[in-house]
Amino acid sequence: MSTRHFLTLTDLSSDELHQLMARAIELKQWQREGRIHEPLKNRVLAMVFEKSSTRTRVSFETGMAQLGGHALFLSPRDTQFGRGEPIEDSARVLSRMVDAIMIRTFEHEKIELFAAYSRVPVINALTDQYHPCQLLADMQTWFEQRGDIKGATVTFIGDGNNMCHSYINAALQFDFRLHVATPAAYKPDPAIIAAAGERISLFEHPLEAAKGADLIVTDVWASMGQEEEQAKREKEFAEFQVNSTLMQAANRDALFMHCLPAHRGEEVTADVIDGPQSVVWDEAENRLHAQKALLEFLMVETG
Ligand code: CP
Ligand code: NVA
């Protein structure tokens, strides 16, 4: 079987993703019980970070340690990645030494090129276009709180970039309705929307998008690499804040998620993110458990 990669949620089948959710919940339970589970003994994950990270780095590194393996942190500052070695060459060399490679970078095409030349699984740990690992954690959190998400209504408020695109993929793979509210100039990619079919509805007004929602999700207004647009975006996204008025437009028992880091007072108010409907700390913790299930899947089950 050819090497499996995880560049977007569509690299796994819907059945495989559901199995992964069940396994993530089981691995979390085992971790709570102190049960040792080391299927990745002597295996090495290379972690290439071209952007900053707290959760992704710590969850992958801890996950590999808990599974009995090892993780290598590689930054462009002190490797040849930052000095222009061709991506194809880096992929061929790294993949002859390690057992899987996790990459956080800018253009999605870079990770696709890397994967094309890699002998081992490549995992997308965030590109400008997608953040599939975050969706594994978000879906696990929903499954723990509410059971299957099939048929639920999710509302994404904010920028139509990486998190929004991965929510669109998730709507297809997990079969839920997705309302997306963005400023007109920040809509998600039409090709990504088209692949998810009629499950996706675009809105201009966040309050309209929130009606009937079982889950409200948002993300920062200026993503990594867009720092110089911060002031401009604060103006353009001002109406797209998740606050108590918006939460009241959703269903009474709606949950709130945010991939973090959050900017209180910008995309979300403190009373919402720190309030009773917010599950952001479980969501952050589940990065660890969901990615352990992913690592096991890619390196043991299909490796
Ligand atoms: N949510 C997320 O990916 O966080 P980090 O940028 O801290 O890894
Ligand atoms: N959209 C954000 C997500 C961070 C986890 C970014 O790309 O910076």
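Residues numbered from 1 in each chain as written. Chains lettered and ligands numbered in written order. Predicted model: local features only at pLDDT ≥ 70, side-chain atom pairs only at ≥ 80, totals over all residues. Heavy atoms only, no water.

**Student:** Could you give me a rundown of the site of ligand 2, with the residues and numbers involved?
**Tutor:** The full set of residues close to ligand 2 is L126, H131, N162, D219, V220, S223, M224, C259 and L260. For ligand 2, a nitrogen atom lies 2.7 Å from a polar atom in the side chain of S223. Here M224 contributes a backbone N or O atom positioned 2.8 Å from an oxygen atom of ligand 2. Out of a free accessible area of 270 Å², ligand 2 has 95% covered by protein chains. Counting atoms within 2 Å of the grid points, the majority share of ligand 2 lands in the largest pocket. Its residues assigned to classes, the shell around ligand 2 comprises five nonpolar, three polar and one charged. (Near = heavy atom within 4 Å. Polar contact = N/O pair within 3.5 Å; in protein donor to acceptor, adjacent residues only side chain to side chain. Areas by Shrake-Rupley, 256 points an atom, 1.4 Å probe, with all protein chains shown as cover. 1 Å grid on protein atoms, 1.4 Å probe; cavity = no way out; pocket = protein on both sides within 12 Å on 5 of 7 lines; lining within 4 Å. Sits in = over half its atoms within 2 Å of the grid points. Nonpolar A, V, L, I, M, F, W, Y, C, P; charged D, E, K, R; others polar.)

**Student:** I'd love a proper account of the sheet that holds strand β8 (residues 215–218), names of residues and values included.
**Tutor:** The five strands are arranged β7-β6-β5-β8-β9 in an open sheet whose pairing can be described as parallel. In this open sheet, the two edge strands, each paired with only one partner strand, are β7 (200–203) and β9 (255–258). Mean inter-strand twist for the sheet, computed between neighbouring axes without regard to direction, equals 20°. In terms of strand pairing, strand β5 (residues 153–157) meets β8 through four bridges, oriented parallel. Bridge pairing in β8 places I157 opposite T218. (Pairing = 2+ DSSP bridges. Helix = DSSP H or I, 4+ residues; strand = E, 2+ residues; numbered from the N terminus. Axes fitted to C-alpha atoms, helices over the stretch in contact; angles between N-to-C directions.)

**Student:** Can you break down the site of ligand 1 residue by residue, with the values?
**Tutor:** Neighbouring residues of ligand 1: S53, T54, R55, T56, R104, H131, Q134, C259, L260 and R287. Between ligand 1 and H131, the relevant distance is 2.9 Å, taken from an oxygen atom to a side-chain nitrogen or oxygen of the residue. In the complex, 96% of the free accessible area of ligand 1, which totals 260 Å², lies under the protein chains. Assessed atom by atom at 2 Å from the grid points, ligand 1 resides in the largest pocket. Class assignment for the residues of the shell around ligand 1 results in two nonpolar, five polar and three charged.

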